[in-house]
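Close look at the chain arrangement
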Amino acid sequence: MNIRSLLMAAPVLAPAGLMATVALAARWRPAPDAGPWRLFGALSWTALAFVGLSAAIGPGRLAVPPFLRASALGLALAFLVQLLGTVIGGFSARYLQGEAGQRRYVSALAGVLAAVHLLLLVDHWVVLIVAWALVGAALQRLLCFYPERPFALLAAHKKRIADRLADGLLLAAAALAWIEVGSGSLTALGTHVAREGMSAALHGSALALVAAVVLRTALLPVHGWLIQVMEAPTPVSALLHAGVVNLGGFVLIRFAPLLDGSLPARVALLAFGLATAVLAGMVMLTRISIKVRLAWSTVAQMGFMLAECAVGLYTLAALHLLGHSLYKAHAFLSASGVVRETRLRALHRTAAPPVAVLAAAPLATMAAVLAIQALTGHASWPWWWSAVLGLAWAPLLWLPAAPADGAGTRMAQTAFGLAMVVGLTGAALLAHALPFGIEDRPHHTMGRIALLGMAVLYLCVAVLRRRPQALSPWWRWSYAGFYVDEAYTRLALRIWPAWRSDPPTDDLSLDTLPPPRAGDGAAPRDPP
């Protein structure tokens, strides 16, 4: 590369380099606790400026080294991740004031951001495998920031096992595709699929890739570590839920040509995504702890996002990824305020919505979504996804059976709920006009299956909300997470019962764990 090419590549490469510099300097350079935070803040804002400059130049005009590729979606996510990382870093500096090990924390936080920036530029199998492994390795230090907390260590241990399995599956997917295509380039892979079609080796590669994404994105049955990571500092949870666990969606969008050509891979992805969305959505309703409910919400949202990829709606998956990142970062960083609001609502509990409202709400929201699409004259997604969105947004119209303020308040609440549905639909339609360079390929049969799954979830949620006593056994199973994580935990500790951490700890087993706390563990309770 000549000097001009290096200058054109500098803006897109600088963020990863700056964050890697912070990671190394904070880890190895002795300094007071405030020193690493000042360095992180200065270079983090500089990295954010470079990402903005890259977006202003445009991905088509950026000269990147071989094996890397700048895309509009990658740059948008890089800006979002760096912005969230900068905000989380400032929050962490105050949150951890007076704590030991802050240099280690800064190093790991910057390391995660550097690895994510590299992953968002991926155009080669080797870069993908290395970058995603680096994300997991750096995140492991953050998860074990409090090594005296058994559930934090258990979460990190189970995540390590899932990551190693995912690494092996990615290696298998890369080997199958590389042998078939003759190159490790992801661009060359897309070109080969478009020209030659899918072979048995590429179908195997797509299936291995889907399995690796399921493991990395904390879908069922390996979701438990994402729930137990609540033992880590709150800003770590914000980083994990807002910017790290979402990476599986970006990888699937990057591999859209391979995924589109493999029906078995899409079916497997839809099965895992839909099952996770339905089961996690039910579990979330039974939890007491605010942070644990947010964690289960993330599991459900990841399942929903991967289901969007399975049915070929990649633009909606990208918008879901961006919106979920912003929402979860705010939700975790303001968790204390949410706790106060929840306690206030508990003091003024309202009656469950009547059956008529539960039945009419999805019909009204579906009609609103379809009407907005008709008014714009452009169907950005098929009709069946409008029905899915209607089911997802129907709870916005749920009203208590007999509010004290009368019919006027009910009408105002209904109008506000419909306004929110209209606003969300309009925002989704406008976002489809953004130049992300993503091509949707909807699969109508799988889309109808996804609609059926969401209808089942809505029915279960409505019954649990209206008559929890009628589904008492299901409530108990739902509160226990359907015991999926317990089975995975026992299997994981049986296969890999001992592990090393920094500082060293004793071997971890189920017998060493304390009993679960009320509201956070798996012990069932009676429905209200």
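Model, not experiment: these values are computed from the prediction. (Residues numbered from 1 in each chain as written. Predicted model: local features only at pLDDT ≥ 70, side-chain atom pairs only at ≥ 80, totals over all residues. Heavy atoms only, no water.)

**Brief notes about the overall build of the protein**
Heads up, the condition is: Strands here mean DSSP runs of E at least two residues long; helices mean DSSP runs of H or I at least four residues long; both are numbered from the N terminus. To sort residues, take the accessible area from a 1.4 Å probe on protein chains only and compare it with the maximum for the residue type: under 20% means buried, over 50% means exposed, and anything in between is partly exposed. It only takes one pair of heavy atoms within 4.5 Å for two residues to be counted as in contact. With residues, only the protein chains shown are counted as cover, and all accessible areas are computed by Shrake-Rupley using a 1.4 Å probe.
A count of helices and strands for the protein gives 22 helices and 0 strands. Among the 528 residues that make up the protein, the fraction classed as buried is 55%. Counting only contacts in the protein whose residues sit at least 6 apart along the sequence, the fraction spanning at least 24 positions is 82%. For the protein, the exposed area adds up to about 22400 Å²; of that, 67% sits on carbon and sulfur atoms.

**Some words on a nonpolar patch on the surface**
Condition: Patches here: salt-bridge-free residues with over 30% relative accessible area, like charges joined within 9 Å, nonpolar side chains (Val, Leu, Ile, Met, Phe, Trp, Tyr) joined within 5 Å. By salt bridge we mean one thing: a side-chain nitrogen of Lys or Arg within 4 Å of a carboxyl oxygen of Asp or Glu.
A contiguous nonpolar patch, built from V126, V130, L134 and W178 and spanning about 330 Å² of accessible area, is present on the exposed surface. Sort the elements by how many residues they give to the nonpolar patch and helix α5 (residues 125-143) lands first, with 3 residues.

**Considering the nonpolar core**
The criterion, for reference: In these notes, a set of buried Ala, Val, Leu, Ile, Met, Phe, Trp, Tyr and Cys residues joined through side-chain atoms within 4.5 Å is what counts as a nonpolar core.
Grouped together as the largest cluster of nonpolar side chains are 168 residues, with contacts concentrated most on W125, L128, W132, L189, F255 and W385. Ranked by residue count, the leading element in this core is helix α14 (residues 290-310), at 14 residues. The contact partners of F255, leaving out residues within four places of it in the chain, are W125, L128, L186, L189 and L209.

**Here's the deal with the confidence of the model for the protein**
Definition in use: Confidence of the predictor at the level of single residues is given by pLDDT, which spans 0 to 100.
Per-residue confidence for the protein gives a mean pLDDT of 83, with 84% of residues at or over 70. Across the protein, the element-wise mean pLDDT spans from 60 in helix α16 (residues 335-347) up to 96 in helix α8 (residues 200-216). Here residues 499-512 is a poorly scored stretch, pLDDT under 50, and it has 25 contacts once near neighbours within four places are set aside; other chains count. A low-confidence stretch, residues 514-528 (pLDDT under 50), is modelled with 37 contacts involving residues beyond four sequence positions or located in other chains.

**Examining the pattern of salt bridges**
Across all of its chains, the model carries 10 salt bridges by this definition. The salt bridge partner of R254 is D123, with a shortest N-O separation of 2.4 Å. Residue R254 is found in helix α11 (residues 247-254), and its partner D123 is found in the loop between α4 (102-119) and α5; the two are separated by 131 residues along the sequence. Residue class for D123 comes out buried when judged on its relative accessible area of 9%.

**Quick notes on the environment of P442**
Assignment of secondary structure puts P442 in the loop between α19 (407-431) and α20 (444-466). On the basis of relative accessible area, P442 is assigned to the partly exposed category, the value being 33%. In this structure, the C-alpha to C-alpha distance between P442 and A310, residues 132 residues apart in sequence, is 8.7 Å.

**Some words on the environment of I179**
Summarising the element assignment, I179 is placed in helix α6 (residues 150-181). Along the backbone, I179 and A201 are 22 residues apart, and their C-alpha atoms lie at a distance of 8.4 Å.

**So, the packing of α5 against α11**
The test is simple: A fitted line through C-alpha atoms serves as each axis, taken over the contacting stretch for helices, and the angle formed by two N-to-C directions is quoted from 0 to 180°. Orientation is classified from the angle alone, with under 35 degrees giving roughly parallel, over 145 giving roughly antiparallel, 65 to 115 giving roughly perpendicular, and any other angle giving oblique.
Packing of α5 against α11 brings their axes to within 13 Å, and their N-to-C directions diverge by 175 degrees. Relative to α11, the element α5 is oriented roughly antiparallel. Along its contact with α5, which presents L128, W132 and V135, the element α11 presents L247, G248 and V251.

**Remarks on unusual backbone geometry**
The amide bond that connects L220 to the next residue, P221, takes the cis arrangement and shows omega of 10 degrees. Of note, P221 is situated in the loop between α8 and α9 (224-228). Even without being glycine, A218 reaches a positive phi, approximately 60 degrees. Residue placement: A218 occurs in the loop between α8 and α9. Here A218 falls in the buried class, since its relative accessible area comes to 0%.

**Details of helix α7 (residues 186-196)**
Stated precisely, the cut-off is as follows: Picture the helix axis, draw a direction to every C-beta atom, and the arc is the one those directions span. We call two N or O atoms a polar contact when they sit within 3.5 Å, provided that within protein one can donate a hydrogen and the other can accept it, with sequence-adjacent residues counted only if both atoms are side-chain atoms.
Among all positions of α7, only L186, L189, G190, H192 and V193 are buried. Projected down its long axis, α7 shows its buried positions confined to an angular sector of 160 degrees, all on one face. Exposed positions of α7 whose direction lies more than 90 degrees from the buried face are A194, R195 and E196. Those residues of α7 that are buried lie in contact with α5, α6, α8, α11 and α12 (256-260). N-cap assignment for α7: the residue whose side-chain oxygen lies 3.3 Å from the backbone N of T187 is S185. The positive-phi residue at the C-terminal boundary of α7 is G197, with phi of around 85 degrees.

**As for the packing of aromatic side chains**
Test applied: Each pair of aromatic rings taken from Phe, Tyr and Trp, with Trp reduced to its six-membered ring, is defined by centres within 6.5 Å and is described as stacked if the planes are under 30 degrees apart, edge-to-face if over 60, and tilted in the remaining cases. As a reminder, the over-ring test applies to NZ of lysine and CZ of arginine, requiring each to be within 6 Å of the ring centre and within 35 degrees of the ring normal.
Per the counting criterion, the structure on display carries 9 aromatic pairs. A connected cluster of aromatic rings, assembled from ring pairs, spans W37, F40, Y105, F145 and Y146. The ring of Y146 is capped by R149, whose NZ or CZ atom sits 4.1 Å from the centre of that ring.

**Quick notes on the side chain of S185**
With respect to the helices, strands and loops of the structure, S185 is situated in the loop between α6 and α7. Given a relative accessible area of 17%, S185 falls into the buried group. There is a polar contact of 3.2 Å between the side chain of S185 and the backbone nitrogen of A188. When sequence neighbours within four positions are dropped, the list of residues in contact with S185 reads D123 and H124.

**Some remarks on the packing of helix α3 (residues 72-95) against helix α10 (residues 234-244)**
Across the interface, α3 lies against α10 with an axial gap of 9 Å and an inter-helix angle of 170 degrees. As judged from the angle between their axes, α3 and α10 are roughly antiparallel. Of the residues in α10, those touching α3 at V81, L84, I88, F91, S92 and Y95 are T234, P235, A238, L239, A242 and G243.

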